[in-house]
Amino acid sequence: MTLKILHRPPSVGDTERPVPRWATRLAYALPLLLLPSCLWRLPFALHFEMGQVQEGGMPAYWLSIPYVLGLSVLTEVIAILTIGLVRGWGEVAPAWIPVIGGRPVRPPAAVVPAVLGGLILTFLFTAVPVGGGRHLTVYGVIDTVGYSSDAWHALATVCVTPIAAWGPITVVLAIAYYRRRTARSSSTPLCHGTSPTADPPGAQRPARAGAVPRS
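An account of the accompanying structure is given in this report. (Residues numbered from 1 in each chain as written. Predicted model: local features only at pLDDT ≥ 70, side-chain atom pairs only at ≥ 80, totals over all residues. Heavy atoms only, no water.)

## Examining the nonpolar core
In step 1: Of all hydrophobic cores here, the largest spans 22 residues; its most connected members are L30, L34, V86, W166, L173 and Y177.
In step 2: Among the elements of the structure, α1 (21–41), α3 (107–124) and α5 (166–182) are those that each provide at least two residues to this core.
In step 3: Those residues within four positions of Y177 in sequence are excluded, and the remaining contacts are G84, L85, G90, E91, V105, P107, A110 and V111.
In step 4: Among the nonpolar cores identified, the runner-up in size contains seven residues, and W40, F44, A45 and M50 belong to it. (Core = buried A, V, L, I, M, F, W, Y, C linked by side-chain atoms within 4.5 Å. Buried < 20%, exposed > 50% of the residue type's maximum accessible area, 1.4 Å probe, protein only. Helix = DSSP H or I, 4+ residues; strand = E, 2+ residues; numbered from the N terminus. Contact = heavy atoms within 4.5 Å.)

See below:
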């Protein structure tokens, strides 16, 4: 089965202005991009460490199961909500939402949370190598997690690395949304073969003084 999203963007005709094709593809690809990391994380809920070598024990099941499951579900929900930046329900609130249902969404109400969230995600998932098996993160300098084999390390890298693009993609989509929603409407097109100062069709010009009317 071939994913159609890789060939053409989903049909979107409910927005005020046309959405760029790249933005539509990027928004719809984001949940798929984050899905491997969500699935890779699930075994940790049952204390299966996916080849990681760590000191200390795992938390109790009553804590690890709801935490891991909730984190994975929340990740996908936020990614799916990002699609609103390229769809009509991101411009007019759906009717089923209390109080604001059916009302236009002001651009700052969608752009500000998206940009702030994207920046926070960028800082959370950005790690700069500083040598000695350590990385500089928003939490400070931390040791790199070890793995029992290269295969486990490769699997973790493939699944987890794409999550670093989550924040930048969200910021880019928010900027595209803002530019589309705040763009000025184009002026009324002129008829071909006429000038802006031409008289409208059917208008009668006043006769000049001394002019002889035609019979």
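## Side note on a nonpolar patch on the surface
In step 1: Together, L32, L35, L39, L42 and L69 make up an exposed nonpolar region whose accessible area comes to about 400 Å².
In step 2: Looking at which element gives the most residues to the nonpolar patch, the answer is α1, with three residues.
In step 3: According to the relative accessible area criterion, L39 is partly exposed, its value standing at 49%. (Patch = residues over 30% accessible without salt bridge, like charges linked within 9 Å, V, L, I, M, F, W, Y side chains within 5 Å. Areas by Shrake-Rupley, 256 points an atom, 1.4 Å probe, with all protein chains shown as cover. Salt bridge = Lys/Arg side-chain N within 4 Å of Asp/Glu carboxyl O.)

## Notes on the environment of S149
In step 1: Turning to its location among the elements, S149 is positioned in the loop between β5 (146–147) and α4 (150–160).
In step 2: By relative accessible area, S149 is classed as partly exposed at 29%.
In step 3: In this structure, the C-alpha to C-alpha distance between S149 and Q52, residues 97 residues apart in sequence, is 8.9 Å.

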